[in-house]
Structures are given as C-alpha cells and as structure tokens.
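Fold and contact review
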Amino acid sequence: MNRHVNPEDSDLYALGALDGTEMQELEAHVRSCAECARAVDEARQRVALLALAAPAVAPPARVKEALLRQVRAERVPEVHRSGAAKVERGPRFLWLTPVFGVAAVIFAALAAGIWMKDARDNRRIHELEGQLAVVETRSLEIARAADETDRLLGMPGTAKVALEPMPGMPAGRVGVLYNAKMGMVTYAGWLPAAPPKKSYQLWLVPMKGDPVSLRVFSRGEWTEPETMHVPPGMAAKAFAVTEEPEGGMPAPTGPKLLVGGVSQGE
Amino acid sequence: MTAPLQQVEDSSLVERIMAGDENALAALYDRYAGMLFAMLVRILRDASAAEEVLQDLFLQLWRGASRFDASRGSMAAWLLVIGRNRALSRLRGKARHEILADSEEFSIEAVPSPGNLENDAARAQLMQRLQGAMAALPSEQREAVELAYFEGMTQTEIAARVGCPLGTVKSRVRAAMQTLKQVFDDESTRQPGRL
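Parameters at a glance
Residues numbered from 1 in each chain as written. Chains lettered and ligands numbered in written order. Predicted model: local features only at pLDDT ≥ 70, side-chain atom pairs only at ≥ 80, totals over all residues. Heavy atoms only, no water. Helix = DSSP H or I, 4+ residues; strand = E, 2+ residues; numbered from the N terminus. Buried < 20%, exposed > 50% of the residue type's maximum accessible area, 1.4 Å probe, protein only. Contact = heavy atoms within 4.5 Å. Areas by Shrake-Rupley, 256 points an atom, 1.4 Å probe, with all protein chains shown as cover. Salt bridge = Lys/Arg side-chain N within 4 Å of Asp/Glu carboxyl O. Disulfide = S-S within 2.5 Å. Core = buried A, V, L, I, M, F, W, Y, C linked by side-chain atoms within 4.5 Å. Pairing = 2+ DSSP bridges. pLDDT = per-residue confidence, 0-100. Buried area = accessible area lost by both parts, 1.4 Å probe. Polar contact = N/O pair within 3.5 Å; in protein donor to acceptor, adjacent residues only side chain to side chain. Expected span 1.5 Å × (residues − 1). Axes fitted to C-alpha atoms, helices over the stretch in contact; angles between N-to-C directions. Parallel < 35°, antiparallel > 145°, perpendicular 65-115°, else oblique. Nonpolar A, V, L, I, M, F, W, Y, C, P; charged D, E, K, R; others polar. Phe/Tyr/Trp six-rings, centres within 6.5 Å; stacked < 30°, edge-to-face > 60°. Lys NZ or Arg CZ within 6 Å of the ring centre and 35° of its normal.

A word on the overall build of chain A
- In terms of regular secondary structure, chain A is built from five helices and eight strands.
- For chain A, the sequential pattern of α-helices and β-strands runs α-α-α-α-α-β-β-β-β-β-β-β-β.
- Residues counted as buried form 39% of the 266 residues belonging to chain A.
- When contacts within chain A are restricted to residue pairs at least 6 apart in sequence, those whose partners lie at least 24 apart make up 63%.
- Per element, the accessible surface of chain A, about 15300 Å² overall, is 60% carbon and sulfur.

Now the structure itself:
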C-alpha cells in the first residue's frame, strides 16, 4: 500500500473493524508515513471517545479503596534527608574542638530523637488521613446507593426480586431491584462464607443470551445496597447466586445457592 | 490559596502523582472512573472483571505517570484506549500478563488531545452529543459500530453475526463513522486550539 491512508480507513482501523489484509497493509504504510501515522493516532483517540456515548457509571467505592490500598503498599518509604551542618573550624577556635564534638553528639542525638518522633507522628497522621478518606468515601457511597435505591423504587417497571436458598444449600438472603429500561440493578443482603477455594457469584439471567456477572463474594458478608449498571434493555428472567471457583467465572459453572425469578410484567 | 484537586488540570495532577501524591491519583480516578467503568462493563458484561481492569488501569497510571506528556496527549483518551484494549483482550481470553504487555504497546504520547475533557461540564456536553448522535443512527449502523467497538469484531465477523454481505456491513460502518466524526469535528470547532 503506497498511497496515503483514506481517512475513513483510519477510523475503521482505530475501531478495530478492518480485516487482516486491510489492516496489515495500513500498518505497513503507517510505519513509513508520518502524516498517515498522525492521522491514525487522531482517529484512535476520536474512536476511543465513542465510549462516552454510554452514560457514565460510578464504580463501587471498594475499587477506589483497593486501588489506594495497593498504592500505599507499593509506596517506597520516603527517605528523609537532612543536610549535615558543616562547621567551619578556624585555627583560633581549635581549643573548642572537643566542646563542639560533645555538643555535636548531643545535638545529633536530640535531632535524631526529634526526627524519629516526627517521622512516627507523620506516618500516624498519614495513616489517619487515609482511614478518614476511606470512611468519607464509603459514607458518600452508601448515601449515593440509598438515593439510587429510592430512585429505582420510584421508577415504573422496577422488578423486586427476593433470592431464596435452594434446598440443601447454605442459608443466605439477597434482594434485588432491577429496572431493565434503565439498566440498573441494586442488590443487598447476606451471604455465608464460601467454602475454601470457592467464591459465590451473583448473576443476572437474561431472557436471551448469557448470564451477566454482577458481583463475586469471597467472604461471608452483609452487603449494603449497591447499584450496578448493565446494558439497558436486557429483560431479566431471574437472578441467581452460584458457587464458583475462587475469584468467579465468566459464566456460571457451579451449583445454585440462591435463585429468584423475575415476575414478567413487573 | 491552593485550588481544590477537582479543578486541577490533568497535567498538574500527573506531576503530583510522579511526586507520590496519592490524592492526585484519587482526583484523576474521580474524574474518569465513571466513563471508564461504563465502557468496561459494556465490553466485559461482567462487573467484577470491569472493576479489576479499572483498578489495574489506574495502578498502571500510578506506576508510569512519568510517561505522560500533557502537551501531546489526552489523559481521557489514553485511559479509554488502554482500557478498551485490555477489556477486549480479556474478552478474547488472553492471560493477564499478555493483556498488560499488549496495552503497554500503546504509547501515551501518541494520543492527541480531543478537547477539554478534564472539565466535567465539557465532558458531559460531549457525552450528550455523542449519545444523541448514536441514538439517531439507523439501528443497523448503530449495531455494526457497537459490535466493532464493544465486542472487538472486524467487519467480516460482523457480517457473519448479522447475516449480511460484507459490502453492506462496510457501508454501514463507514456511514456511521462519518456521522459520528461530525460530532467530533463540531466539538473541535467549539474548542479551538484543543484539537
């Protein structure tokens, strides 16, 4: 491909829609043409922004909390470097050298003590600030979830589903509110601890297509109301919690723990 | 007086991240996590997986912020491109280390700025315009673009999925992209100097 890339092809390339040969020819040309490389880069950013065509969805607060926990864990301990005081010693004050020596040792010990205390205090303050930020974030998330739950309850077409334990399975209760038109799911409830190397996974089972994973639970926990967003317009047949290998699966594979059918017409 | 972090530009937040300021990372997360999470859930159809990719993405930003050149790149576009690549790779069943390697290939400096997406109001406005444009597309054009963007399908794969000749699919995708491009062209006219 020696001619310049058609702007439409740049868009298709960025979209990932070009097939093998077309894509290879375009890539070969772009490697040797700065002008087309720039056009393809522009197309790439333009096409990436198509994601904005979907309404933004706030991720659960736990994602940010986990991110910040990991960032703190990775942080290299800060090294406090204090510039060593340089003492000019002229010949006239040589007799003071032992006095300076003792004073310097005492000063250094005091400085070290103060520095260590400061460092401890700073670390503690930093930890407390981090904890406060987590609490504030969680409070806001709970308040927002409560608002979203109220909003969802007030919307026509919202289905209320109570997931009941299947015979012989461990107890647990999960309630779900679902509005297909808005693509919003709110769930809350309690699940027991999953067996070793297992997780429990909450699914939306649509009328058509594959189940959609909503949440993986590893520990026994009470879940405050949380809202998730799924592609709008997906009619739900049921919601279910299944037992899966630890960390969850892309599609359900294990036994059902809880199941709740969606009454059609809701 | 120091400006609240919500009002600080991406480039300044990146500088703070490089200096180890986790509050700056949190501010960028607050700014862009919503749009990214919506895209990731749509691609992966699995909220847990989307959460994992989202967290990885910002962790990569924390570790590699020094590679960001604000004069040549847009943080929003970088996050969306890398996020989409990762999600599609995951959808295709690639191992995690392969996905990370793939997304590293895309240089942050290679993404020109699309407009002032750092500003909440401007971002909301562009979202509104794009949503309107997508909704106005003929359904078969919208379907073709969505299959390519959110499911990573080539035109041949789309033709097989929808049961249409390849030429028809090509026409649909091209027509849709022309319409959507107009939205971006209008946006760049509104924000001179940003594109």
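From this point on, the discussion continues.
Focus: the overall build of chain B
- Helix and strand content of chain B: nine helices and zero strands.
- Going from N to C terminus, chain B has its helices and strands arranged as α-α-α-α-α-α-α-α-α.
- Split into buried and exposed, the 195 residues of chain B put 53% on the buried side.
- Put simply, of all contacts in chain B between residues at least 6 apart along the chain, 63% involve residues at least 24 apart.
- Element-wise, carbon and sulfur atoms account for 47% of the exposed surface of chain B, whose accessible area totals about 8400 Å².

Quick notes on the pattern of salt bridges
- Throughout the structure, instances matching the rule amount to 12 salt bridges over all chains.
- In this structure, A:K64 and B:D30 form a salt bridge, with 2.9 Å as the shortest nitrogen-oxygen distance. Of the two residues, A:K64 sits in helix α4 (residues 61-74) while B:D30 sits in helix α2 (residues 22-44), which places them in two different chains.
- Among the charged side chains, a network of salt bridges with common partners joins A:E8, A:D9 and B:R174.

A word on the environment of B:G167
- Within the element layout of this structure, B:G167 appears in helix α9 (residues 166-190).
- Between the C-alpha atoms of B:G167 and B:Q155, which are 12 residues apart in sequence, the distance is 9.0 Å.

Observations regarding the state of the cysteines
All names here are of chain A.
- Counted according to the given criterion, the structure contains zero disulfides over all chains.
- There is no disulfide at C33, and the cysteine sulfur nearest it, in C36, is 3.6 Å away.
- The class of C33 is buried, set by a relative accessible area of 9%.
- Look at C36 and you get buried, because its relative accessible area is 4%.

Focus: the nonpolar core
- Counting 113 residues, the largest nonpolar core has A:L50, A:L204, A:F239, B:L36 and B:F58 as its most contacted members.
- Here the element with the most residues in this core is α2(B); it accounts for 16 residues.
- Residues in contact with A:L204, not counting those within four places in the same chain, are A:Y178, A:V185, A:P211, A:V212, A:L214, A:V230, A:M234, A:A236, A:A238 and A:F239.

Some remarks on the pairing of strand β5 (residues 212-217) of chain A
- The buried fraction of β5(A) amounts to six of the six residues, a majority that puts the element mostly inside the structure.
- Between strand β4 (residues 198-206) of chain A and β5(A), which follow one another and run antiparallel, lie five residues, and A:G209 among them has a positive phi close to 95°.

Looking at the confidence of the model for chain B
Residues and elements named next belong to chain B.
- Within chain B, residue pLDDT values average 79, and 77% of them lie at 70 or more.
- For chain B, helix α5 (residues 96-104) is the element with the lowest average pLDDT, namely 45, and helix α8 (residues 155-162) is the one with the highest, namely 93.
- The model gives residues 96-114 a pLDDT under 50, and that stretch makes 47 contacts with residues more than four places away or in other chains.
- Confidence estimates for the predicted assembly give a pTM of 0.56 and an ipTM of 0.82.

Observations concerning the environment of B:L5
Residue and element names in this part refer to chain B.
- Inspection of the secondary structure assignment puts L5 in the segment before α1 (10-18).
- C-alpha separation for the pair L5 and A26, spaced 21 residues apart in sequence, amounts to 9.2 Å.
- Discounting residues that sit within four places of it in the chain, L5 has contacts with L13, R16, N23, A24, A27 and R31.

Section: the interface of chain B and chain A
- Tallying the contact residues gives 57 residues for chain B and 55 residues for chain A.
- For the pair chain B and chain A, the summed buried surface comes to about 5100 Å²; carbon and sulfur atoms form 64% of the total.
- Measuring nitrogen to oxygen at the nearest pair gives 2.5 Å for the salt bridge that ties A:R72 to B:E22.
- Our count for the contact surface shared by chain B and chain A stands at 17 residue pairs in polar contact (both at pLDDT 80 or more).
- Put simply, the parts of the chain that give the side of chain B that touches chain A at least two residues each are α2, α3 (47-64), α4 (75-91), α6 (120-136), α7 (139-151), α8 and α9 of chain B.

A few points about the confidence of the model for chain A
- Model confidence for chain A is summarised by a mean pLDDT of 76, while 68% of its residues fall at 70 or above.
- Ranking the elements of chain A by mean pLDDT puts helix α5 (residues 97-153) of chain A last with 63 and strand β8 (residues 256-261) of chain A first with 91.

Thoughts on α7(B)
- With 13 residues, α7(B) should reach 18 Å at 1.5 Å per residue; the first-to-last C-alpha distance of 17 Å fits that figure.
- B:G152 sits one or two positions beyond α7(B) and adopts a positive phi of about 65°.

Quick look at the packing of helix α3 (residues 34-48) of chain A against α4(B)
- Across the interface, α3(A) lies against α4(B) with an axial gap of 9 Å and an inter-helix angle of 80°. Taken together, α3(A) and α4(B) sit at an angle that is classed as roughly perpendicular. When α3(A) is examined against α4(B), the residues A:R44, A:Q45 and A:A48 are found in contact with a partner set consisting of B:A77, B:L80 and B:V81.
- Among the residues forming the contact of α3(A) with α4(B), the class breakdown is four nonpolar, one polar and one charged.

Regarding the packing of aromatic side chains
All names here are of chain B.
- Inspection of the entire model under this criterion finds three aromatic pairs over all chains.
- Where Y149 meets F150, the ring centres are 4.9 Å apart and the plane angle is 80°; that geometry is what we call edge-to-face. The exposure classification of Y149 matches that of F150, with both residues buried.
- Geometry around F150 places R42 over its ring, the cationic atom sitting 4.3 Å from the centre.
- Sitting over the face of the ring of Y149, R84 holds its NZ or CZ atom 4.3 Å from the ring centroid.

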